[in-house]
Amino acid sequence: MALASAVNVVLGSIAFAIFWVLAVFPAVPFLPIGRTAGSLLGAMLMVVFQVLTPDQAYAAIDLPILGLLFGTMVVSIYLERADMFKYLGMMLSWKSKGAKDLLCRICLISAISSALFTNDTSCVVLTEFVLKTARQHNLPPHPFLLALASSANIGSSATPIGNPQNLIIALKSKISFGNFLIGILPAMLMGVFVNALILICMYWKLLSIQKDEEDVAVEVFSQEEMNAHRFSPTTLSHHSQEFNSRLELMAVQSPAHMSGNLGHVEALRNQAISSETEIQKDPIVTLDSARNSNASKEAAKDVSTQEKEETILSKRFASMDRLIDALSGRSSEGKEDFITKWKRLLWKSCVYLVTIGMLIALLMGLNMSWTAITAALALVVLDFKDARPSLEKVSYSLLIFFCGMFITVDGFNKTGIPSTLWDLMEPYSRIDHVSGIAILAIVILVMSNLASNVPTVLLLGARVATSAAAISAADEKKAWLILAWVSTLAGNLSLLGSAANLIVCEQARRAPQFGYTLSFWSHLKFGVPSTLIVTAIGLALIR
């Protein structure tokens, strides 16, 4: 494509530069309006500068991508309400065998959840779980936060719904969900393994910290609490009499259908009577001599001891009272809670079944956008209540950002600058040679970190695919998958490389009681070697 007129090239470049600055640095001092407003400003300038006509601007907006984004966000919201991510968080520490085992679990769970529910959603809901688990084991959160963010990016590369750039690639390339998954899954699995291995090697000493003093403190506290639970005959006798009277009253008032439970109630009463009898076997002579020898001191001690014992026993008998109430059927709230729990369990099961159905439909090759929208609306109907609270959680600012970005990038393409640059680079980045794949990967890595991965895909996607299609249809598919893999892995290079990284950083910093700051340089020290090694290994496995 030849360059447009000089005026359009200059004005289009200015509009794109404004969009790029605000997309990469959303809080610049001279115009701190954020990414979403920045994308709309870039789109508006493309129309005002007459680089695009209004009709061309509207046509540039890719509605199928927006529909797929909206549908997956709604499904993720209902999955979060159904405690899916809570269960994933509980799996992190379930029967954990140490710090290295915990790190591997985080890598695996983060990768799988990101492939199915998008990387941003996984990072939002799992960050606090990771922080809590690390604190409970008295471990430094730094390597575990890196594991969460980096594995989320790697895992999201495996499916079209894992991240926004994959959505664009899948819809523009017409690659089915199943073929996309099969093409990148081996690279993703190996990437997660290698990434975990790099983390373990880099933070071996930190991950080798032994169990902390918290467990010892808990054990000491439990032992002290056990030692404090002692009873005096006077107090126990008073409470046992009251307990016996309650049991007799319940036996009189119990309906016929409760007769099966009276045997258990009688057993409780016999147990209380036997405990009282055993304690009252103490010699009376000992008590009389103690009272006569030191009456003034013992009186004070008896009062304080009796108060403590009465407090402990009152709690115990309160729990017994609750048991009696449950057995006698006097608690209607218990029945209501039981019914409510079953209703929620049934609703959660329906949410999981709808999600599984959506994934099966995607694997069968049905239209991705309408499949996601259908699943989202099915969940809204099954919820059987006003959907406004759930729909308000949808990131509409992200959808608007995509609208503005589609227009801005299309206007920049109309200037002819991307095509001219690609014509210079295309002979050296053909994917039928190892050197060509390496050069193409480097270009994608650099552009994804300079211009963000989604604009990079929009700028390079069609050109890379056209170049590969001239070789063969199989190479065209491989070119799209390489673009998906490298543009996603580029997010691990630096803290600013992907939204998932920034989400983990901000969520960790703002977490109540578990706050932790993940610095740019500490991420870069791990991100550079991990990105280069994992990207290279993945490129060899993509077919």
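Residues numbered from 1 in each chain as written. Predicted model: local features only at pLDDT ≥ 70, side-chain atom pairs only at ≥ 80, totals over all residues. Heavy atoms only, no water.

The name given to the protein chain in an unreviewed UniProt entry is Citrate transporter-like domain-containing protein, with the source organism recorded as Fagus sylvatica. The UniProt entry for the protein chain carries the following comment under Subcellular location (unreviewed entry): "Cell membrane". (UniProt positions renumbered as here; feature names shortened; annotations may be inferred.)

Engineer: Explain the overall build of the protein chain here, please?
Structural biologist: Scanning the protein chain from terminus to terminus reveals 26 helices and 0 strands. Counting only contacts in the protein chain whose residues sit at least 6 apart along the sequence, the fraction spanning at least 24 positions is 78%. Here the protein chain has roughly 27,700 Å² of accessible surface; of this, 65% comes from carbon and sulfur atoms. (Helix = DSSP H or I, 4+ residues; strand = E, 2+ residues; numbered from the N terminus. Contact = heavy atoms within 4.5 Å. Areas by Shrake-Rupley, 256 points an atom, 1.4 Å probe, with all protein chains shown as cover.)

Engineer: Where do I start with the UniProt feature "transmembrane region" (unreviewed entry) in the protein chain in this structure?
Structural biologist: UniProt annotation of "transmembrane region" (unreviewed entry) refers to residues 6-25, 58-79, 180-204, 351-382, 394-412, 433-451, 481-504 and 524-542 when read in the numbering used here. End C-alpha atoms of residues 481-504 are separated by 26 Å, and the span's content is 62% helix alongside 0% strand. Overall, residues 524-542 shows 95% helix and 0% strand. The separation of its end C-alpha atoms is 26 Å.

Engineer: It is not clear to me how the packing of helix α6 (residues 99-117) against helix α7 (residues 119-136) should be interpreted in this structure. Could you clarify?
Structural biologist: Helices that pack against each other are described as a pair by the angle of their axes relative to one another and the distance between those axes. For the pair α6 and α7, the least separation of the axes is 9 Å and the interaxial angle reads 155 degrees. Judged on the interaxial angle alone, α7 and α6 are roughly antiparallel. Seen from above, α6 lies across α7 with right-handed handedness. Contacts from Leu102, Ile106, Ile109, Ser110, Ser113, Ser114 and Phe117 in α6 reach Asn119, Thr121, Ser122, Leu126, Val130 and Thr133 in α7. For the contact of α6 with α7, a count of residues per class yields 6 nonpolar, 7 polar and no charged. (Axes fitted to C-alpha atoms, helices over the stretch in contact; angles between N-to-C directions. Parallel < 35°, antiparallel > 145°, perpendicular 65-115°, else oblique. Left-handed = near helix turned anticlockwise from the far one by under 90°. Nonpolar A, V, L, I, M, F, W, Y, C, P; charged D, E, K, R; others polar.)

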